[in-house]
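Chains, contacts and geometry: an overview
One letter stands for each residue in the lines below.
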Amino acid sequence: MERPVGYSIDMKGSIAASIFAVLALLIVAVIGVSLGLSLAQTVNIKNQENFQEFAPALPTKILDINGILITEFSADEKRELISLSELPRHLIHAVLAREDPDFYNHKGFSLRAIARAAFGQLTGRNLGGGSTITQQIAGSIYTDRTEYSLTRKIRELWWALQMERRYTKNEILEIYLNYSYMGPGTFGVEAASKYFFGHSAREITLAEAAILVIQLSSPARYNPLDNPNTARERQRAVLNRMIEFGYTTAEDAEASFNEYWDNYDYTRESTSAYYHREDAAPWFSEYVRRQLDDMMYGTMDYYRDGYTVRTTLDLKHQATAEKLMAQGLVKANREYAASRGSRLVRAEQTYIPIVDLLSLTFNLDSIHATADAQNEQKALSRYTKTINPVVDMAALVFGIQDLKIITNTSFAELKNTAEQNVVEGTLIAIENETGHIKAVVGGSRFDQSNQLIRATQGRIMPGSSFKPLYYSAAIDTGKLTPASLIYDIPMVFYNEDGTPYIPLNFRGEWKGSVLLYDALAQSMNVPSLKILDTIGFDAAIDRAANLLGIDDPQERERTFPRVYPMGLGIISVSPLQMARAFAIFANQGREVTPIAIRVVEDRNGRIVLDTERELRQRQQRMGSDIQVISPQNAYVMTTLLKKTVEIGTLRSGSGFGSKFVYQDEQGNRYRIAAAGKTGTTQNWSDAWTVGFTPYYTTAIWFGFDRPGNSLGLSLTGATLAGPIWGDFMRELNMGHPAKEFIRPSTGVVDVTVCAKSGLLPTDACNEGTVTLSFLTGTQPRESCTLHSEARIRSSLTLETMRTNSLVVNDDSLLDELRMPQLRLELPDVPARRRETAAPPVSEGSLDWGIEAFPDHNPLLD
């Protein structure tokens, strides 16, 4: 049966009313239960509740060895408290106009605001939030504002009522302005003002106040550094609201608005406040932060809990390191650019015409280096370096997202090119006895795009600075001593797989017969690989890994390839590992564990981490195992590395010894001993110096983040890193008394030997002598015969030799004979000692061979 229309409408209304009644009952029930739970939570609220209970998280202070503040860690909360009375009135007015115009009249909530927000939700329109300032701060403190639920809103309302009951309006507003999140890593208006504008909120302008206020509702969307156009629109809306409420005039608002945008820096990046904090040693601070991450993970929050971290750094030495490295990087990049430019010019002048000729002759269009191609390359370079930054700024100003993507791509290409063509550098200094890290420079600058701490994270080829690590193993074998005679001549080495390897010396020079100490001091390659060949890969790798602190077998296998280039430092290690290895030499062979954090205290001064004490206890438990190498081996190696400073590749870098000469308070001059080694990798792509005194060890590296380029012949470990090492070590050791390296009481003997043969000198030795240190029992015992035999040979004149050797009666045959030609350009290399006696020279024959020295080491012929 068909029902009347009115009946249908009545039925629908009845159903709607029933549904509404049920929902109302449910809402009332939820509200009742929630209020009851909230009441249960707040029954015991203490009457003495005050603003101090809302004190924000405390930052962690990082102190140097002398207790001087380095920086503070508050990466997720950069906050500085400021009282309401110190803030300008227009900032308070801006907050009220934007967030809660009726703040001083309501009791913590606004029915009108709640109704407006609800209507907006139902209609899908953004009509503003329904929370008052009191509700916002109550929600931030007592609830999770990321939760969107009716229960959360009820809890927020309840806490707002409690705050209104306990605090005055001004106290609530002050809490709000100090507690609220305001943008990248900043909390409160004071920290936000310093982050966005570079000055205190006390000095904030009208337009700046409007910028801050819009951060309260959406810091990501209205960040003026990321979205200047959106921020400008919302800023204008806030100023208009202030005009509407009579807080300012249209003229003042317009003037302040124009002044702000006329001086706006469109090139500034939006980075966390962490990167804008004051930091006297950012590379070291970042290293400490990562250490804290490992030590405190899951147990303590060093961003909020207000710890005090006492470190090993000395800010005075850090400042010296940063200054010298900055100077070195300027020099390196200037000279690299000059040499690279000249190389490119020579290449264009020499090779491009040849390539063009070949392409035209053989119709090879693909390699034809036309002027158009050169111009295209130059134009691309100019766009990337000069035009692209301007286009990127325009894309940001006008909000052209597609154009921004294109400019970002160009920036990525520019960054990649820079990594291949910009010289970087790093320095790390440690105290030999304690392992304290005294200074760290991780690169050219520290910012969001350059956080690789090359001193600790870099995996770099050490070049010849690696050689002392396996020389140490060679000394322990007893087969080789500082006086062993080795031949520096062209030679082919065959790897275990049969592939040949032909090493070259720097500039392709050969020295002939040399002693081991001189081969290391002058960084000769062939003698070093002969030493590696003599002791074998196993002994060399084992010693190098122990000195570098590489214990894991798999890491050892990855780090040390069993090929001869390994002997020239074709491996990957960090400068910190190299510094540790050399510090072991200086520390009498004992283990050195680099350490940056000594003690961590909580906000009440109680020690929660005693890192250094734990390290010393572990080292004591090691007993004799603390010796990585013997004191005797360490001392012999130290004396060898002293020769590098005295006569070798570090002689110039040390100022010919003058950089380690000091003067005491009485005016007396004294010297501090120094030792070290330079390193330059093949193709001159990396320049190293690692060296030490009895007090400190410092490792310095210059090179490229991406391999493939050469620093050039003028930038080597000796010429670039060496002088900076000498200058820094002079300042680092300033104020310390005179000191020599500690000599073991037994097991080492000093012997003076012939500088040419390495044997005990005789009266005939006219090429000088040298005093070297040997492990007891390995010192030479035979006298030098090189110069006595040479004197006998030189007494025979060429005419006498001709007369005694050539007796020919046949005149025609005599006319055909020619005297042998002595090749003066060949090195004067004694032949290997014959195992059988050489036949006597008879008339009619000549023997131009030179016998080796009796009882001399034949292993390295």
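It should be emphasised that the depicted structure is a prediction, and the values quoted were computed from it without experimental measurement.

Bringing the overall build of the protein into the picture now. What the protein contains, in helices and strands, is 27 helices and 21 strands. Across the 861 residues that make up the protein, the buried fraction comes to 46%. For the protein, contacts bridging at least 24 residues in sequence account for 71% of all contacts bridging at least 6. When the accessible surface of the protein is totalled, it reaches about 43,400 Å², and 53% of it is carbon and sulfur.

Before going further, it helps to spend a moment on the sheet that holds strand β18 (residues 686-692). Here five strands make up an open sheet; going across it, the order is β8-β7-β19-β18-β17 and the pairing antiparallel. The open sheet has two edge strands, β8 (437-441) and β17 (675-680), and neither has a second partner. With direction set aside, neighbouring strand axes in the sheet form an average angle of 5 degrees. Looking at chain direction, strand β7 (residues 424-431) and β8 are connected through four bridges and run antiparallel. By the bridge assignment for β8, I430 is matched with I437. Each of β7, β8, β17, β18 and β19 (696-703) is contacted by helix α24 (residues 717-733), which is oriented at about 30 degrees to β18, the strand it contacts most.

Right, let's talk about the packing of helix α19 (residues 537-548) against helix α21 (residues 575-586) for a bit. Between α19 and α21, whose axes approach to 7 Å, the crossing angle comes to 100 degrees. Considering their axes alone, α19 and α21 lie roughly perpendicular with respect to each other. Residue-level inspection shows N546, L547 and L548 of α19 in contact with α21, the latter providing Q577, M578, R580, A581, I584 and F585.

Another point: the nonpolar core. Judged by nonpolar contacts, the single largest core of 98 residues is most densely connected at F284, V288, L292, F560 and M566. Of all the elements, α21 adds the most residues to this core, at nine residues. If sequence neighbours within four positions are ignored, M566 has contacts with F466, L532, F537, A540, I541, F560, P561 and I571. Among the nonpolar cores identified, the runner-up in size contains 50 residues, and W159, A210, A231 and Y264 belong to it.

In this section: the packing of helix α7 (residues 189-197) against helix α8 (residues 206-215). At a minimum axis distance of 11 Å, the contact between α7 and α8 shows a crossing angle of 115 degrees. Viewed along their axes, α7 and α8 form a crossing whose handedness is right-handed. Each of V189, A192, S193, F196 and F197 in α7 lies in contact with α8, whose residues at this interface are E208, I211, L212 and Q215. When grouped by side-chain class, the residues that make up the contact of α7 with α8 number six nonpolar, two polar and one charged.

Once that is clear, we can look at the sheet that holds strand β14 (residues 607-609). The strand order β2-β1-β6-β13-β14 describes an open sheet built from five strands, whose pairing is mixed. Where the open sheet ends on each side, the last strands, each with one partner, are β2 (69-73) and β14. Between one strand and the next, the sheet's axes are offset by a mean angle of 25 degrees, whatever the strand orientation. Examined bridge by bridge, strand β13 (residues 597-601) and β14 share two bridges and lie antiparallel to one another. By the bridge assignment for β14, E601 is matched with I607. Contacting β1 (60-63), β2, β6 (308-311), β13 and β14, helix α11 (residues 282-296) runs over the sheet at an angle of about 50 degrees to β2.

Most of α7 sits out of view: eight of its nine residues are buried. Within α7, burial applies to V189, E190, A191, A192, S193, Y195, F196 and F197. Taken from the residues just after α7, G198 is the one with a positive phi, measuring 80 degrees.

This part covers the pattern of salt bridges. Counted according to the given criterion, the structure contains 23 salt bridges. Between R454 and D705 there is a salt bridge, and its shortest N-O distance comes to 2.8 Å. Of this pair, R454 sits in helix α15 (residues 454-457) while D705 is found in the loop between β19 and α24, placing the two residues 251 residues apart along the sequence. In this structure, R606 and D602 form a salt bridge, with 3.2 Å as the shortest nitrogen-oxygen distance. Beyond isolated ion pairs, a larger network of salt bridges with shared partners links E86, E190, K194 and R202.

This part is about the packing of aromatic side chains. A full pass over the atoms with the stated rule returns 21 aromatic pairs. Here Y260 and Y264 contribute two aromatic rings whose centre-to-centre distance is 6.1 Å and whose plane-to-plane angle is 45 degrees, an arrangement assigned as tilted. For Y264, a relative accessible area of 13% gives the class buried. Connected via pairs of aromatic rings, a cluster forms that spans Y195, F196, F197, F257, Y260, W261 and Y264. If you follow K169 out to its NZ or CZ, it ends over the ring of F103, 4.5 Å from the centre. R236 extends its terminal NZ or CZ atom over the ring of F257, reaching a point 4.0 Å from the ring centre.

All right, on to the pairing of strand β21 (residues 769-775) then. For β21, the tally of buried residues reaches five of seven residues, placing the bulk of the element in the interior. Examined bridge by bridge, strand β20 (residues 748-754) and β21 share seven bridges and lie antiparallel to one another. Note that in β21 the partner of V751 across the bridge is L772.

Before going further, it helps to spend a moment on empty space enclosed by the protein. Throughout the structure, instances matching the rule amount to three cavities of 30 Å³ or more. Roughly 50 Å³ of internal volume is contained in the largest cavity. Around the largest cavity sit F585, A586, Q588, P631, A634, Y635, T638, F741 and I742, which together line it. At the level of elements, α21 and α23 (631-646) are the ones that each hand at least two residues to the lining of the largest cavity. Per-element accounting of the lining of the largest cavity gives the leading share, four residues, to α23. Of the residues contributing to the lining of the largest cavity, the split by class is seven nonpolar, two polar and no charged.

As for its placement among the helices and strands, P59 is situated in the loop between α1 (5-42) and β1. On the basis of relative accessibility, which here comes to 24%, the residue P59 falls in the partly exposed class. For P59 and E72, which are 13 residues apart along the polypeptide, the C-alpha to C-alpha distance reads 5.9 Å. The residues touching P59, leaving out its near neighbours within four places in the chain, are E72, F73, S74, Y303, G306 and Y307.

Next up on the list: the side chain of T248. Relative to the helices and strands, T248 resides in the loop between α9 (228-244) and α10 (250-262). Classification of T248 by relative accessible area gives buried; the value is 13%. Residues contacting T248, with those up to four places away along its chain left out, are L206, L239, M242, I243 and A253.

A word on unusual backbone geometry. The phi torsion at S523 lies on the positive side, around 55 degrees, for a residue other than glycine. Among the structural elements, S523 can be located in the loop between α17 (516-521) and α18 (525-535). Here Q588, not a glycine, exhibits a phi torsion of approximately 60 degrees, which is positive. Along the chain, Q588 turns up in the loop between α21 and β13.

Reading the values: the criteria
Residues numbered from 1 in each chain as written. Predicted model: local features only at pLDDT ≥ 70, side-chain atom pairs only at ≥ 80, totals over all residues. Heavy atoms only, no water. Helix = DSSP H or I, 4+ residues; strand = E, 2+ residues; numbered from the N terminus. Buried < 20%, exposed > 50% of the residue type's maximum accessible area, 1.4 Å probe, protein only. Contact = heavy atoms within 4.5 Å. Areas by Shrake-Rupley, 256 points an atom, 1.4 Å probe, with all protein chains shown as cover. Pairing = 2+ DSSP bridges. Axes fitted to C-alpha atoms, helices over the stretch in contact; angles between N-to-C directions. Parallel < 35°, antiparallel > 145°, perpendicular 65-115°, else oblique. Core = buried A, V, L, I, M, F, W, Y, C linked by side-chain atoms within 4.5 Å. Left-handed = near helix turned anticlockwise from the far one by under 90°. Nonpolar A, V, L, I, M, F, W, Y, C, P; charged D, E, K, R; others polar. Salt bridge = Lys/Arg side-chain N within 4 Å of Asp/Glu carboxyl O. Phe/Tyr/Trp six-rings, centres within 6.5 Å; stacked < 30°, edge-to-face > 60°. Lys NZ or Arg CZ within 6 Å of the ring centre and 35° of its normal. 1 Å grid on protein atoms, 1.4 Å probe; cavity = no way out; pocket = protein on both sides within 12 Å on 5 of 7 lines; lining within 4 Å. Points joined across faces, edges and corners; volume = space filled by probe spheres on them.

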